Amino acid sequence: MTGPKTTARQLERTVASLRGLLIDQVDYVVPTGGPDGLEPAEWDLRQGHEPTFGCQFTTHLGVVFTLIWNDSFDGYGIEVFDQPIETFPTRPGNSGFPALIPVTDHPRWSGLLHREILHTELAWVEWGSGGATPVWIRLDFAPVRHDQGDPHRSDSVWLVAGRWAQGRFTIPADDLTVMFDESEAVRANLVRPRPASMNR
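On a predicted model such as this, the values are computed, not experimentally measured, just so you know.

Draft legend 1. Looking closely at the overall build of the protein. Looking only at helices and strands, one finds 3 helices and 14 strands in the protein. Counting across all 200 residues of the protein, residues that qualify as buried make up 46%. Partitioning the contacts of the protein with sequence separation of at least 6, the portion at a separation of at least 24 is 58%. Of the roughly 10,200 Å² that the protein leaves accessible, carbon and sulfur atoms contribute 50%.

Draft legend 2. Summary view of the packing of aromatic side chains. Tallying each qualifying case throughout the model produces 6 aromatic pairs. Ring geometry for F57 versus W109: centroids 5.5 Å apart, planes at 70 degrees, classification edge-to-face. Of this pair, F57 sits in strand β5 (residues 54-59) while W109 sits in helix α2 (residues 107-110), and the two are 52 residues apart along the sequence. When its relative accessible area of 0% is taken as the criterion, W109 is described as buried. Relative to Y76, the ring of W69 lies with its centre 4.9 Å away and its plane at 75 degrees, an arrangement referred to as edge-to-face. Taking relative accessible area as the criterion, W69 reaches 9% and is therefore assigned buried. An aromatic cluster is present here, built from F57, W109 and F180 joined pairwise through their rings. The aromatic ring of W164 is capped on one face by R187, whose charged end is 4.1 Å from the ring centroid.

Draft legend 3. Broad picture of the sheet that holds strand β10 (residues 132-141). Within the open sheet, the 5 strands sit side by side as β4-β14-β11-β10-β9. Their pairing is antiparallel. A strand with exactly one partner marks an edge of an open sheet, and here the two such strands are β4 (49-52) and β9 (117-126). Sheet twist, expressed as the mean angle between neighbouring strand axes with direction ignored, is 20 degrees.

Draft legend 4. How the structure looks around helix α1 (residues 8-16). Every buried residue belonging to α1 is among L11, T14 and V15, and all of these are buried. An end-on view of α1 places all buried positions within 100 degrees of arc, on one side of the element. Turned more than 90 degrees from where α1 packs its buried face, R9 and R13 sit exposed. Packing partners of the buried residues in α1 comprise β6 (64-73), β7 (75-81), β9 and β10.

Definitions and cut-offs
Residues numbered from 1 in each chain as written. Predicted model: local features only at pLDDT ≥ 70, side-chain atom pairs only at ≥ 80, totals over all residues. Heavy atoms only, no water. Helix = DSSP H or I, 4+ residues; strand = E, 2+ residues; numbered from the N terminus. Buried < 20%, exposed > 50% of the residue type's maximum accessible area, 1.4 Å probe, protein only. Contact = heavy atoms within 4.5 Å. Areas by Shrake-Rupley, 256 points an atom, 1.4 Å probe, with all protein chains shown as cover. Phe/Tyr/Trp six-rings, centres within 6.5 Å; stacked < 30°, edge-to-face > 60°. Lys NZ or Arg CZ within 6 Å of the ring centre and 35° of its normal. Pairing = 2+ DSSP bridges. Axes fitted to C-alpha atoms, helices over the stretch in contact; angles between N-to-C directions. Arc of directions from axis to C-beta.

Put into C-alpha cells, the structure is as follows:
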C-alpha cells in the first residue's frame, strides 16, 4: 500500500521516536473481497500475522503511527509515518478498499501492550544498484517481571515488508508480515540463530 514519500533520515527519526512509548491499541489494514467487497482477508497465520497492507499503533500519548510497505526507496520496503491511516488515500471500510481490523485483544499483542518500547532497529538491504531498501523494523519491549516464559509471549516484534511463499520468505515485497517469535525471524533469515551456549 503506497503512501507519502519519505527520506532515509526522516524514516530513521520516526522509527527512533517509538522508543519510550507504550502501545495502547493495534489495528491492521487488511485487504477485502467477497460479494460485497467488504469481507476481510485471512491475516492470522500459524506463526505470525499477515495484514498485507499495514499496521497502526495508537500510543499512550495519543500519537498514532502507521507502518506500511511503500516505494520511497529502491523497491518496496517498510516505512513508518506518525499519522493515522485515515490520512492516507485508502478509504478503509468502503467496498473494494482495505478494512481496519482491531487486534488489540489478540493474544499475540495483548501481552505486549502498555509495555515501554526500549529499543528499535531498522534494517536496510543494500542492492547491487547502489540503492538500499528498509526491509524490517524490530521493536523490543520492556520485560514483564511476572512473565513465566509463556512460549506465546515475546519481548520483540518484527514488522517486515515481505511474505511467505512455498516455504520461503521473500524480502522486500509489497506485503506486510508481523513476526512475534525469534525462531520465526531466524527461519525467515531476518536474524542469525543464537549459539547454543546463549540459549541455555
